[in-house]
Amino acid sequence: GPLPINLGLSGVEERFPDQEQHIQVVSNGFDVSVLDPLIRDVDELSGTIRSNVLLAGTTQNPRYSGAITLNKIQFLFGPNNIAYTVSGDLIPAQDKILVNDLTVRNVPYRGKVGEAHFNGSVLMKNFQLGDFDLRASGQLLLMTEATRKQIPAMYGTLFTAIGVDGLRITGT
């Protein structure tokens, strides 16, 4: 379907005009490695995404629906130089993306295997992430000796654990 976007190089007052859109995004296994050069702070990106998403409404008042499944998305997170794997389901719902048991695992390090679970929502506006309200629980490796390459003054093994009540993470 049509995607209302002004791709002009100059004189663009509004990049995403407030016009009706109707776009269906279907993927039975999109290889995320093609996105690696586009995402700062992430290297060695691999894995697949399955999706059946309908983008309707306008950029100011979107109506999203459908489902997105992240399948073993693996990457090296640059800020701490640790490899992680992410799997789970995202549910587009009106102007939000609902996070339904997104699981983040660190690659085992000196016997430390972490697994954290995230649930909540992320607001979408003008095709960008907005306000978020997430709850995390579990345990995850946040720093290792490899972190020294990124943060010379702060390194070592830092393994965090969050109780069953979880940690609420909100912001913009």
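About the criteria used
- Residues numbered from 1 in each chain as written.
- Predicted model: local features only at pLDDT ≥ 70, side-chain atom pairs only at ≥ 80, totals over all residues.
- Heavy atoms only, no water.
- Helix = DSSP H or I, 4+ residues; strand = E, 2+ residues; numbered from the N terminus.
- Buried < 20%, exposed > 50% of the residue type's maximum accessible area, 1.4 Å probe, protein only.
- Contact = heavy atoms within 4.5 Å.
- Areas by Shrake-Rupley, 256 points an atom, 1.4 Å probe, with all protein chains shown as cover.
- Pairing = 2+ DSSP bridges.
- Axes fitted to C-alpha atoms, helices over the stretch in contact; angles between N-to-C directions.
- Salt bridge = Lys/Arg side-chain N within 4 Å of Asp/Glu carboxyl O.
- Phe/Tyr/Trp six-rings, centres within 6.5 Å; stacked < 30°, edge-to-face > 60°.
- Core = buried A, V, L, I, M, F, W, Y, C linked by side-chain atoms within 4.5 Å.

**Description of the overall build of the protein chain**
- Secondary structure summary: the protein chain contains zero helices and eight strands in total.
- Secondary structure elements of the protein chain, listed N to C terminal, follow the sequence β-β-β-β-β-β-β-β.
- Considered along the principal axes of its C-alpha atoms, the protein chain spans approximately 55 × 35 × 30 Å.
- Within the protein chain, buried positions represent 34% of all 172 residues.
- Pairs at least 24 residues apart make up 44% of the contacts formed inside the protein chain by residues separated by at least 6 positions.
- Summed over all atoms, the accessible surface of the protein chain reaches about 10,500 Å², with 55% contributed by carbon and sulfur.

**Here we look at the sheet that holds strand E1 (residues 21-31)**
- Read from one edge to the other, the open sheet built from eight strands follows the order E1-E2-E3-E4-E5-E6-E7-E8, with strand pairing classed as antiparallel. Of all strands in the sheet, those with a lone pairing partner are E1 and strand E8 (158-171), marking the two edges. The sheet shows a mean angle of 15° between the axes of neighbouring strands, taken without regard to direction.
- Here strand E6 (residues 115-125) pairs with strand E7 (residues 128-143) via ten bridges, running antiparallel. Each residue of the ladder has a partner; that of Gly-120, found in E7, is Leu-134.

**Focus: the pairing of strand E2 (residues 42-57)**
- Taken together, the ten bridges between E1 and E2 define a ladder with antiparallel strand orientation. Bridging across to E2, Ile-23 finds its partner in Leu-55.
- The pairing of E2 with strand E3 (residues 62-77) spans 13 bridges and is classified as antiparallel. Bridging across to E3, Leu-54 finds its partner in Ser-65.

**Overview of the pattern of salt bridges**
- Evaluated as defined, the whole model comprises four salt bridges.
- Where Arg-63 meets Glu-20, a salt bridge forms, and the shortest distance between an N and an O atom there is 3.3 Å. Here the residue Arg-63 occupies a position in strand E3, and Glu-20 occupies one in the segment before E1, the gap between them amounting to 43 residues.
- The exposure class of Arg-63 is partly exposed, given its relative accessible area of 40%.

**What to know about the packing of aromatic side chains**
- Applying the stated criterion to the full structure yields one aromatic pair.
- Between Phe-75 and Tyr-84, the ring centres sit 6.1 Å apart and the planes meet at 40°, which makes this aromatic pair tilted. Neither residue differs from the other here; Phe-75 and Tyr-84 are each classed as buried.

**A closer look at the nonpolar core**
- Formed by 28 residues in total, the largest nonpolar core has its most connected members in Leu-70, Ile-73, Phe-75, Val-86, Leu-90, Leu-102 and Phe-118.
- Contact partners of Val-86, with chain neighbours within four places excluded, come to Leu-70, Asn-71, Lys-72, Ile-73, Phe-75, Leu-102, Thr-103 and Val-104.

**Some points on the pairing of E7**
- In the sheet, E7 pairs with E8 via ten bridges, with the strands oriented antiparallel. Bridge pairing links Asp-133 to Thr-170 in E8.

Functional significance is not addressed by these values, which are geometric in nature.
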